[in-house]
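Examination of the molecular architecture
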Amino acid sequence: MLSSTASDNSIGLIGAGAVGTLFAAAFCHTHKPFIWVVRNPQRRQELDALRMVVGEQQLKLALKTATIVDSIQDLPSTNWLVLAVKAHQVQPLVDQLQQPAVNLLVVANGLHDLAVHLGLLYGGALVADGRLITTTSNELLIGALPGASGDPGVLPDVLAAPWLQASISDVIRARMWHKLALNCAVNPLTALLDCPNGVLLDSVTSPLIQGVLTEVDAVARRELGKQWPNSTRGLTADLHALIETTADNSSSMREDLRAGRETEIARLNLAVAAAGLRHGLPCPLNDKLGNMVSLLANRGTP
Ligand code: KPL
């Protein structure tokens, strides 16, 4: 890590997958300078010609305010560091950064127990054929997990773009479990069925999805007590709405399986099943779905 003094509101970004690129595009849209760690050389090359598709609109992705570096060692200290990475990459990265002064925003699925600000993305993006494909309905909730440092008030403004609406939540732990519940239904099923999110729309009231949501709801209630404002019924309605707005999306877990990458299943359904066990609440459906995804992942892609 280079030693330079972090000026107020300076921003670094780690992660150049679809979500990281969505954020980079938003910083450029608001003319916010930022340092972007893009470790993959092929990805760095592709960025020059990347175009953006937002709903029906084609945009040129001009990464004018980005300073791209190729390793974390080249990242100067910044006031904020945004990690747009997979759930299982968060802890190793935080350990590697060893930069306690930085304010961290972690944008990832799953359960997290770190002193960071958490970003929950209700939406998604896909990089395919030299295009970053997304919609206008991505919502990002930002909130502090216990012990997080820094005031994230500046972040929604520098991320405001036609494809991203960011806001601050003061109940982020409850929201983390809420998003987890929805991911526990959408991600493994779209990965196992190899289908876009929209295919699940007619099945949100099926016994399988209802069972998954009921299990997560019970564990979340035990974890959060009165701070858990949801019910299986409310989760069902929210799941329906999320599937509707992300109908054409290919879920991150489906994409991970297809690309032969490690999936986030250990941080989603299997994490719920493990938390359930600790509370004496068996979660057979989350456990089985989790194991099926693990089996498929271990079998590898053809
Ligand atoms: O978070 C997602 C993911 O794919 O990981 C959803 C919201 C389900 C969008 O696909």
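Owing to the predicted nature of the structure, the values given are computational and were not obtained by experimental measurement.

1. Some details on the sheet that holds strand E4 (residues 57-60)
As summarised here, the arrangement of the four strands in space is E4-E3-E10-E9, forming an open sheet in which the pairing is mixed. Two strands bound the open sheet, and with one partner strand each, they are E4 and strand E9 (126-128). Direction aside, neighbouring strands of the sheet carry axes that sit 25 degrees apart on average. The pairing of strand E3 (residues 51-54) with strand E10 (residues 131-134) spans four bridges and is classified as parallel. Of the residues in E10, the one forming a bridge with Val-53 is Ile-133. Along the sheet, helix H1 (residues 18-29) makes contact with E3, E9 and E10, crossing E10 at roughly 90 degrees.

2. Observations concerning the sheet that holds strand E1 (residues 11-14)
The pairing of strands in a sheet comes from backbone hydrogen bonds and takes either a parallel or an antiparallel form. Taken in spatial order, the eight strands line up as E5-E2-E1-E6-E7-E8-E11-E12 in an open sheet, and their pairing is mixed. Sheet topology places strand E5 (66-69) and strand E12 (165-168) at the edges, where each strand pairs with a single neighbour. Between one strand axis and the next, the sheet turns through 20 degrees on average, direction left out of account. Looking at chain direction, strand E6 (residues 80-84) and strand E7 (residues 103-107) are connected through five bridges and run parallel. From the neighbouring strand, Ala-84 faces E7, where its bridge partner is Val-107. Where helix H3 (residues 87-97) meets the sheet, it contacts E1, E6 and E7, and its direction lies at approximately 150 degrees from that of E6.

3. Structural notes on helix H7 (residues 232-245)
Taking 1.5 Å of rise per residue, 14 residues should cover 20 Å, and H7 covers 20 Å from first to last C-alpha, within 8% of that figure. Listed in full, the buried residues belonging to H7 are Thr-232, Leu-235, Thr-236, Leu-239, Leu-242 and Ile-243. Looking straight down H7, one finds its buried side chains confined to an arc of 130 degrees; they lie on one side. Its buried side turned inward, H7 meets strand E8 (117-122), helix H5 (172-193) and helix H6 (207-224).

4. A few points about the site of the ligand
Around the ligand, a shell composed of Asn-109, Gly-123, Lys-179, Asn-183, Val-186, Asn-187, Asn-197, Leu-242, Asn-249, Ser-251 and Ser-252 is seen. Asn-109 is positioned such that a nitrogen or oxygen atom in its side chain is 2.9 Å from an oxygen atom of the ligand. Between the ligand and the protein, one listed contact pairs an oxygen atom with a side-chain N or O atom of Asn-197 at 2.9 Å. Contact with the protein chains removes 95% of the 280 Å² of surface that the ligand exposes when unbound. Among the detected pockets, the ligand sits in the largest pocket. The greatest single-element share of the shell around the ligand, amounting to four residues, is contributed by H5. Classifying every residue of the shell around the ligand by side-chain character gives two nonpolar, eight polar and one charged.

The rules behind these values
- Residues numbered from 1 in each chain as written.
- Predicted model: local features only at pLDDT ≥ 70, side-chain atom pairs only at ≥ 80, totals over all residues.
- Heavy atoms only, no water.
- Pairing = 2+ DSSP bridges.
- Helix = DSSP H or I, 4+ residues; strand = E, 2+ residues; numbered from the N terminus.
- Axes fitted to C-alpha atoms, helices over the stretch in contact; angles between N-to-C directions.
- Contact = heavy atoms within 4.5 Å.
- Expected span 1.5 Å × (residues − 1).
- Buried < 20%, exposed > 50% of the residue type's maximum accessible area, 1.4 Å probe, protein only.
- Arc of directions from axis to C-beta.
- Near = heavy atom within 4 Å.
- Polar contact = N/O pair within 3.5 Å; in protein donor to acceptor, adjacent residues only side chain to side chain.
- Areas by Shrake-Rupley, 256 points an atom, 1.4 Å probe, with all protein chains shown as cover.
- 1 Å grid on protein atoms, 1.4 Å probe; cavity = no way out; pocket = protein on both sides within 12 Å on 5 of 7 lines; lining within 4 Å.
- Sits in = over half its atoms within 2 Å of the grid points.
- Nonpolar A, V, L, I, M, F, W, Y, C, P; charged D, E, K, R; others polar.

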